[in-house]
Amino acid sequence: MVLGLLLLGRLSASADDPFNNPPGVDIWCGKAYRPEDAAFDPGGWLNAPEPSRFLLLDLRVFPRMSVYTADDSEGSFILEARTSRTRGIPYCSGNIQRHDVFSVDPVELAFEVSDAETGRTLVTGLEAPALSISHEVSISIGDLMPRFAPYTINVKLILPDCDQIYTTSTKIFRLPRRDDGGGVTKIDQLYGGLMVQDYLSNSTEWKPLFPFSYYVSWGGWLEQDLTQVDAFKAAGYNIIHVVPGGGYPPVNWTTFEQFFDLCDELGLWVMYDLRHTYQNRTLLSDQISRFASRKSLLLWYTADEPDGHCDPLEAPKTALGRIRELDPWHPVSLCLNCANFHYEEYSAGADIILSDVYPVAVNTSYSEVYGTVCNTTYGCCGCDNCEGRLSDVSDRLDAFRRYQDWLGTAPPKSFWGVPQAFGDEMFWRRNPTPEEEVAMVALSVNHDAKGIVGWIYPTTDSIAAATRALARVVTSEEITAFLLGSSTQSLEVHSPPAAVDAAAWVRESKMLVSVVNSGRATQARVSIILPEMVVGIAASKWGDGSGWKAAGRELSRNGLGKYEVDIVVLDLA
Ligand SMILES: *[C@@H]1O[C@H](CO)[C@@H](O)[C@H](O)[C@H]1NC(C)=O
Ligand SMILES: *[C@@H]1O[C@H](CO)[C@@H](O)[C@H](O)[C@H]1NC(C)=O
Ligand SMILES: *[C@@H]1O[C@H](CO)[C@@H](O)[C@H](O)[C@H]1NC(C)=O
Ligand SMILES: *[C@@H]1O[C@H](CO)[C@@H](O)[C@H](O)[C@H]1NC(C)=O
Ligand SMILES: *[C@@H]1O[C@H](CO)[C@@H](O)[C@H](O)[C@H]1NC(C)=O
């Protein structure tokens, strides 16, 4: 993160390694930021594709789980179908121009799973679903021999409107069973959440895990007293992300092995950070071999703000390939800091993209640190192309999802949020208040973040108290089941003139609704339009819960406090 690097006095990528800057010019997010350097176009900006003259069918196919293993005999894949003006193949050869083209008539959907190595077809299937945003197709995978190489799923679709044939394909993994004591983390690529097994009870059941935690200072805190690991877990955080020092080894291995022993015993999941070493093949391999079979290892984290530092564009992807060879059982994550700088190349290096937008008490148009303005081609203000309001956090997540959509990435990336839990240094005049902290978490979750890892712990007592309480709510079995077991639906809100943001998740007979007022208090009536009919409020999970009324397709209340967050469960009609 920016913070740690500033403290080490090396904010920029040093002028010799980046690729887009004039000689000797320090840059962040590709931009010059020192007053003596002139602005230049940093490039690397991802734009919306040119619209097509034709209506397009945008088809994406990917397995439901990032990996299956020898223990799985059933699997599935997701077929997503959307109409688009920017991606896909002309719908019915361009002869149909309506927007609501999907015929109610079923499509013919044929698929086969084959072995690219032998050319053999192993499984075939035929279905006749209606085209929809997301259709799940079950496949029996018991006959796919477990191995490290993937199998291919070929999908053929015949549209009823015009008999046009579409083909697409994806890869599916059925990995061997682990025999080294290590665990497996799957990504449910339909909803974006992690799935794990509780090894403490030897359970074979896969359960969703919503990571709620912090980047944790190692040298400055945890290393000095490992008993803090117990306290951290007891506080309600379900994973831990240790920030290593520089050099090699990045931590004292003896102490770190003891730390891992504690995490193994406690069932505290570890997000292992390779920020200083992911570009060195030897050091990367050394660490992967060292920790890949730890029971509590949850996932890897490679590049920390590679877009800020202007790491070589291919570096994260190269590291991802190397990690997959050594450890195909765990996902890989990285964190992006810039608004729009070589997103395509950097995001190709991970399954999970974290976004660290720090908008609290920061001047986003003028950098007091460097004495320059900040704009889309110049300056470093601590929050790239931000407005300096809490909704910068959710705007960035929306932007990343839009980029993914333009790129047509399948499987989709998962996004996690990194809320600001520091301040009073460099660009940031103070720490967030607990209310701001909770609001940033809620804005992230409302905009589809599937994990929260704040920067940085230890934080202020008041922020820690707020996140302890919120962690218990978000990671509870009931709430996690909503967040990772259904799609996030953004809701229409009428709340003049307040900046109210709301999202819903529907499961069985209940609806979870999360409401955030990211701006000033309002006395006005706030009306939230729900995606389904409800009969009332079943429970309030966060906020005082009073004053809300739920009936029909509306959740409403008179007035909402500044930065107020309310999380309620409603009964469906
Ligand atoms: C889980 O399995 C291990 C190894 O077989 C055994 O030692 C341990 O007691 C088991 N734990 C539980 C909670 O069943
Ligand atoms: C690592 O920590 C152990 C245990 O505290 C200590 O004995 C050892 O000297 C440390 N190693 C290094 C290289 O500092
Ligand atoms: C990787 O790190 C090792 C150990 O620090 C070093 O000897 C080696 O030169 C590095 N490799 C590269 C390619 O930088
Ligand atoms: C940012 O700094 C500039 C220059 O000092 C000042 O004019 C402006 O009001 C500041 N904006 C905020 C939001 O603090
Ligand atoms: C950003 O500010 C710099 C320095 O004032 C200026 O040269 C540049 O034209 C500005 N860029 C944009 C896009 O306004």
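Keep in mind that this is a model prediction, so the values were computed, not measured.

Undergrad: So what exactly am I meant to see when it comes to the overall build of the chain here?
TA: Assigned secondary structure in the chain consists of 11 helices and 32 strands. In terms of overall dimensions, the chain is globule-like: its C-alpha atoms have a radius of gyration of 24 Å, near the 25 Å expected for 573 residues. If you line up the chain on its principal axes, its C-alpha atoms span 65 × 60 × 55 Å. For the chain, buried positions account for 57% of its 573 residues. Considering only contacts within the chain whose residues lie at least 6 apart along the sequence, 71% involve residues at least 24 apart.

Undergrad: How should I be thinking about the site of ligand 5 in this particular structure?
TA: Neighbouring residues of ligand 5: Ala39, Val373, Asn375, Thr376, Thr377 and Tyr378. Within the side chain of Asn375, a nitrogen or oxygen atom sits 2.3 Å from an oxygen atom of ligand 5. Note that a nitrogen atom of ligand 5 is positioned 2.9 Å from one of the side-chain N or O atoms of Thr377. Across the complex, the protein chains shield 44% of the 360 Å² of accessible surface that ligand 5 would expose by itself.

Undergrad: Quick question: what am I supposed to make of empty space enclosed by the protein here?
TA: Over the atoms a probe the size of a water molecule is rolled, and this reveals where empty space is left. The tally for this structure, following the rule as stated, stands at 5 cavities of 30 Å³ or more. Taken as a whole, the largest cavity spans an internal volume of roughly 90 Å³. Considering the residues around the largest cavity, the lining is formed by 13 residues, among which Ala442, Val445, Val474, Ser514 and Ile567 are closest to the centre. Elements represented by at least two residues in the lining of the largest cavity include exactly helix H9 (434-446), helix H10 (461-474), helix H11 (477-485), strand E29 (510-517) and strand E32 (565-572). Here the lining of the largest cavity gets 4 residues from one element, more than from any other, and that element is H9. Across the lining of the largest cavity, the residue classes break down as 11 nonpolar, 2 polar and no charged.

Undergrad: Is there a simple way to explain the nonpolar core in this structure?
TA: Within the largest apolar cluster, 127 residues are counted, with the highest numbers of intra-cluster contacts made by Tyr215, Leu222, Ile240, Phe256, Phe259, Trp300 and Leu354. Residue assignment places this core across two domains, with domain 2 (210-484) and domain 3 (488-572) each supplying three or more. Beyond its immediate chain neighbours, meaning those up to four positions away, Leu222 contacts Val216, Ser217, Gln228, Val229, Ile240, Val242 and Phe259. With 29 residues, the next largest nonpolar core counts Met65, Leu109, Val123 and Ile153 among its residues.

Undergrad: Any chance you could explain unusual backbone geometry here in plain terms?
TA: Glycine aside, a negative phi is what most residues show, and trans is what most peptide bonds show. Ile456 follows Trp455 through a cis peptide bond whose omega is 10°. Cis geometry marks the peptide bond from Tyr457 to Pro458; its omega dihedral reads 0°. Backbone geometry places Asp163, a non-glycine residue, at a positive phi of 60°. Mapping Asp163 onto the fold places it in the loop between strand E10 (151-158) and strand E11 (165-172). On the basis of relative accessibility, which here comes to 58%, the residue Asp163 falls in the exposed class. Positioned with a positive phi, Met426 is a non-glycine residue whose angle comes to about 45°. Mapped onto the elements, Met426 comes out in the loop between strand E24 (414-417) and H9. Using a relative accessible area of 39% as the deciding quantity, one classes Met426 as partly exposed.

Undergrad: Can you walk me through the sheet that holds strand E9 (residues 135-140) in this structure?
TA: Strand-to-strand pairing in sheets goes through backbone hydrogen bonds, with the strands running parallel or antiparallel. A sheet is described by the order of its strands in space; here 4 strands give the open sequence E6-E3-E5-E9, paired in antiparallel fashion. Since the sheet does not close on itself, it has two edges, and those belong to strand E6 (89-90) and E9, each with one partner. Sheet analysis places strand E5 (residues 74-84) next to E9, joined by 6 bridges and oriented antiparallel. Considered in E9, the bridge of Gly75 is made with Ile139.

Cut-offs applied
- Residues numbered from 1 in each chain as written.
- Chains lettered and ligands numbered in written order.
- Predicted model: local features only at pLDDT ≥ 70, side-chain atom pairs only at ≥ 80, totals over all residues.
- Heavy atoms only, no water.
- Helix = DSSP H or I, 4+ residues; strand = E, 2+ residues; numbered from the N terminus.
- Rg over C-alpha atoms; globule rule 2.2 N^0.38 Å.
- Buried < 20%, exposed > 50% of the residue type's maximum accessible area, 1.4 Å probe, protein only.
- Contact = heavy atoms within 4.5 Å.
- Near = heavy atom within 4 Å.
- Polar contact = N/O pair within 3.5 Å; in protein donor to acceptor, adjacent residues only side chain to side chain.
- Areas by Shrake-Rupley, 256 points an atom, 1.4 Å probe, with all protein chains shown as cover.
- 1 Å grid on protein atoms, 1.4 Å probe; cavity = no way out; pocket = protein on both sides within 12 Å on 5 of 7 lines; lining within 4 Å.
- Points joined across faces, edges and corners; volume = space filled by probe spheres on them.
- Nonpolar A, V, L, I, M, F, W, Y, C, P; charged D, E, K, R; others polar.
- Core = buried A, V, L, I, M, F, W, Y, C linked by side-chain atoms within 4.5 Å.
- Domains from an automatic or database assignment.
- Pairing = 2+ DSSP bridges.

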